[in-house]
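Coordinates in review
Residue strings, one per chain:
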Amino acid sequence: MSNKILEVQDLTIDIPTPSGTLHAVQSVSIHVDRGETLCIVGESGCGKSLTSLAIMDLLPRKAVRKATRLELAGESVFDIGERRMSDIRGDRMSMIFQEPMTSLNPAYTIGDQLTEALRRHKKVSRREARDRAVFLLEKVGITAAASRLGQYPHQLSGGLRQRVMIAMALMCGPDLIIADEPTTALDVTIQAQILHLLAELQREFNMGLILITHDLGVVARIADRVAVMYAGQIVETGTAKQIFKNPAHPYTRGLLACIPIPGQTARGAHLGAIPGIVPSLVGRMPGCHFASRCSEVRDNCTTAPIPQFEGAEPGRSVRCLLADEATGREPAREGAA
Amino acid sequence: MNEVVLDARDISRSFMISQGFMRAKRPLHAVNGVNLKLHRGEVLALVGESGCGKTTLAKMLLGLLPPSAGTLELDGQPLASLSHLEVARIVQPIFQDPYSSLNPRKSIGSIITLPLQVQGDKDPASWRQRAEEIMELVGLPRRVYNNFPSQLSGGQRQRVAIARALINRPRVVICDEPTSALDVSVQSQILNLLQDLRQELGLTYLMISHNLAVVEHMATRIAVMYLGRIVEEGEAESVYNSPRHPYTEALLGSVLTPDPSLGVPDTHLGAAYPNPLDMPSGCSFHPRCTKMLPQCAQQAPSPIPTESGHVECSLYEENKGKMRITS
Ligand SMILES: Nc1ncnc2c1ncn2[C@@H]1O[C@H](COP(=O)(O)OP(=O)(O)OP(=O)(O)O)[C@@H](O)[C@H]1O
Ligand SMILES: Nc1ncnc2c1ncn2[C@@H]1O[C@H](COP(=O)(O)OP(=O)(O)OP(=O)(O)O)[C@@H](O)[C@H]1O
Ligand SMILES: [Mg+2]
Ligand SMILES: [Mg+2]
């Protein structure tokens, strides 16, 4: 049996808008093994959340999803019907959403929402479900967990809600978790504790984890592999070490120059910047999506689509003509991460 | 650097929290006896756990929330004696979310000039020009003057919020998580801008942030808050290089630098998360402290001076803030 828990090939998401079709996600391919952590990083609006919603089959109704392959543990989960999909969602794969308020139901208590997921998918008693809820709430650092079960979402602070979301995603012990900015609103000590918890549960259940974040510190510390996205496409993939020690795409290099690094960046000195703004994804762009902001742009960058070039090491790829000159390798499959 | 522009003495703020139907309300001590001085030209970073009272403290310093106890002085005058408009001329906020803090139905020009209008500025003919000057200073193209917030990027919106805060030339700017809603590529632009403006306009900042790498980059002084109190304060260099309070140590130890050869550090904090409605006895940090002494559960520590600030922890001696015990 393969170790692959998720395989996505050539995922494309189009959204009709008044000014034309928004090509939000363009031929994205990713895979995750059991026990592995894939981090997705990239500029706001590049399609990270839509990619994860597409995997869960939770896209907005008007969005059009295409893929040549979407498999969970070797079985297709593409267009299998809402009935079967809702059996899988929350049980075998679950998601921690970027906006906790949109995914917690304001009309139900925290306790009801936590136990519902478990009792729906697994044969457990009310009592067992409650015990697991309390156990997980305590694990994510919520004090007086038992007394929180009777509270409604609006009675919790943002940080508490986010932790409830994390506990909820873990209730059934899924094979795959997709976490969209799970620690953004939290302070660093709680962030560290939650990342430990995710790693511990990942080991315990041999889960695959996709973590979306713009915190490059988190990525460096927990990612096995990294996919860098820009304007709807994957522009670079590699191990955390490859991406941080040897970034190949000018966008990745730009990102790393933007963050102050304690002990390295001179205090108060000017930080790097990526001038310009993200291009609109309405309509087709002939060449490289990053060209308008790239300091190394050439004439041939804007004339034809840029393929994803495979690097020397397996799993390494970059969508940039300059990198092609460096490695002299054949283009890889479109955007395989 | 000696002029004190903002002086908070022993200020507190509690909220009455309802415990449910037919049960008495209880006070939640969000800020609990804070002393804080802000000197001209410095960047004081306020850091601490989510819910420890940072935003509540900032709101009091902005005159938006009256303290339940203690006194506040702005530019040498008691804040209570100043009108809202006078306070707003001295200190201005920049909030976290550039998406919700701008009125979507107002044009960029009217958002930026609103403070002039509110202050009853006598020279409306000059507003447009002054707005354009400040837009140039913060790096906004003039052509967006008549645009609306929805037509700007996140970074541009945060620049609008900064322009609005600066148009009346305040002396102090209080930034509550100014970049946490932004991409790192936009964050670096805003941080560079805040640094430049500090030099050019002689601004003083109070900066609240969970991002300790950003804090280390920007701050000249650091104040660490825990459950409503400032448990350690001092020059940035000194706090970063030799943190004294065990909570400061845990906080700094949890910073994730982008180094792929390292894992996620252990905070050594335990899971006894604080409940502000039911404060621990003695030192409020003792249930999570790895260096707890027998007296810590009974006796709240008092502030002990250090070479550049203070620490509130019984591990340190009254004089010079030296370690009481050697371990
Ligand atoms: N329901 C929708 N209708 C129209 N456009 C949408 C919708 N949802 C997302 N988009 C657009 O699709 C693109 C990708 O959005 P997505 O939410 O995936 O970005 P993201 O990478 O998660 O960004 P962020 O880091 O800000 O969360 C954006 O341009 C966004 O404006
Ligand atoms: N208006 C209010 N009514 C009741 N409680 C409040 C109110 N405002 C704040 N609190 C409580 O006061 C405490 C401090 O809140 P505050 O918003 O100041 O925290 P913070 O340090 O800014 O946290 P964060 O880092 O999450 O923004 C929290 O326990 C909060 O729930
Ligand atoms: Mg998103
Ligand atoms: Mg706050």
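Our subject is the structure that appears above.
Residues numbered from 1 in each chain as written. Chains lettered and ligands numbered in written order. Predicted model: local features only at pLDDT ≥ 70, side-chain atom pairs only at ≥ 80, totals over all residues. Heavy atoms only, no water.

Details of the site of ligand 1
All names here are of chain A. Let me state the cut-off plainly: In this text, near means that some heavy atom of the residue lies within 4 Å of the molecule or strand in question. For this analysis, a polar contact is any N or O atom pair within 3.5 Å, provided that within protein one partner can donate a hydrogen and the other can accept it, and provided that sequence-adjacent residues contribute only side-chain to side-chain pairs. Secondary structure follows DSSP: runs of H or I at least 4 residues long count as helices, runs of E at least 2 residues long count as strands, and numbering of each begins at the N terminus. Under the scheme applied, nonpolar residues are Ala, Val, Leu, Ile, Met, Phe, Trp, Tyr, Cys and Pro; charged residues are Asp, Glu, Lys and Arg; polar residues are all the others, including Gly.
As a structural note, the neighbourhood of ligand 1 is formed by 13 residues, with Ser 44, Gly 45, Lys 48, Ser 49 and Leu 50 the closest of them. The contact in question runs from an oxygen atom of ligand 1 to an N or O atom on the side chain of Ser 49, over 2.7 Å. Among the elements of the structure, strand S2 (20-33) and helix H1 (48-55) are those that each provide at least two residues to the shell around ligand 1. Here the shell around ligand 1 is built from residues that sort into six nonpolar, five polar and two charged.

Topic: the site of ligand 2
Residue and element names in this part refer to chain B. Selection rule: Residue exposure ignores everything except the shown protein chains as possible cover, and the areas themselves are Shrake-Rupley values with a 1.4 Å probe.
Contacts to ligand 2 come from 14 residues, most closely from Ser 50, Gly 51, Lys 54, Thr 55 and Thr 56. For ligand 2, an oxygen atom lies 2.6 Å from a polar atom in the side chain of Thr 56. Relative to its unbound accessible area of 640 Å², ligand 2 is 63% covered by the protein chains. Listed by contribution, the elements that provide at least two residues to the shell around ligand 2 are strand S1 (4-17), strand S2 (26-39) and helix H1 (54-61). Ranked by the residues each element gives to the shell around ligand 2, the list is headed by H1, at three residues.

Focus on the interface of chain A and chain B
To keep things clear, this is the line we draw: The contact criterion used is simple: two residues touch if any of their non-hydrogen atoms lie within 4.5 Å. For any pair of parts, buried area is found by adding up, for both, the accessible area (1.4 Å probe) each one loses once the two are put together. For salt bridges, the criterion is a side-chain nitrogen of Lys or Arg within 4 Å of an Asp or Glu carboxyl oxygen.
Counting residues at the interface gives 47 residues for chain A, matched by 47 residues for chain B. Taking both partners together, chain A and chain B bury about 4000 Å²; carbon and sulfur atoms supply 59% of that area. Ranking the residues of chain A by area buried against chain B places A:Val188, A:Arg221 and A:Arg267 at the top, with a combined share of 21%. Inspection of the chain A/chain B interface yields two salt bridges. Between B:Glu216 and A:Arg267 there is a salt bridge; the shortest N-O distance is 3.3 Å. Our count for the chain A to chain B interface comes out at 16 residue pairs in polar contact (both at pLDDT 80 or more). Elements supplying a minimum of two residues to the side of chain A that touches chain B: helix H8 (188-205), helix H9 (216-222), helix H10 (240-245) and helix H11 (250-258) of chain A. With eight residues, the single largest contributor to the side of chain A that touches chain B is H8(A).

What about the packing of aromatic side chains?
How two aromatic rings sit relative to each other is set out by the distance from centre to centre and by the angle between their planes. Spelled out, the test is: The rule is short: rings of Phe, Tyr and Trp, with Trp giving its six-membered ring, pair when the centres are within 6.5 Å, and they are stacked under 30 degrees, edge-to-face over 60, tilted in between. Residue exposure (1.4 Å probe, protein chains only): buried if accessible area is under 20% of the type maximum, exposed if over 50%, otherwise partly exposed. Put simply, a charge is over a ring when the Lys NZ or the Arg CZ is close to the ring centre, within 6 Å, and near the line of the ring normal, within 35 degrees.
Here the structure, examined in full by the defined rule, presents six aromatic pairs over all chains. With centroids separated by 4.8 Å and ring planes inclined at 55°, the aromatic side chains of B:Tyr226 and B:Tyr247 adopt a geometry described as tilted. In this pair, B:Tyr226 sits in strand S9 (residues 221-226) while B:Tyr247 sits in helix H9 (residues 246-253), placing the two residues 21 residues apart along the sequence. Across the pair, B:Tyr247 and B:Tyr226 agree in class, each one buried. For the pair B:Tyr247 and B:Phe285, a centre-to-centre distance of 5.6 Å together with 70° between the ring planes defines the contact as edge-to-face. Note that B:Tyr247 is positioned in helix H9 and B:Phe285 in the loop between H9 and strand S11 (304-305), a separation of 38 residues in sequence. Each member of the pair, B:Tyr247 together with B:Phe285, is buried. Joined through ring pairs, the aromatic side chains of A:Tyr230, A:Tyr251 and A:Phe290 make up one cluster. When the ring centre of B:Tyr145 is taken as reference, the NZ or CZ atom of B:Arg128 above it lies at 3.9 Å.

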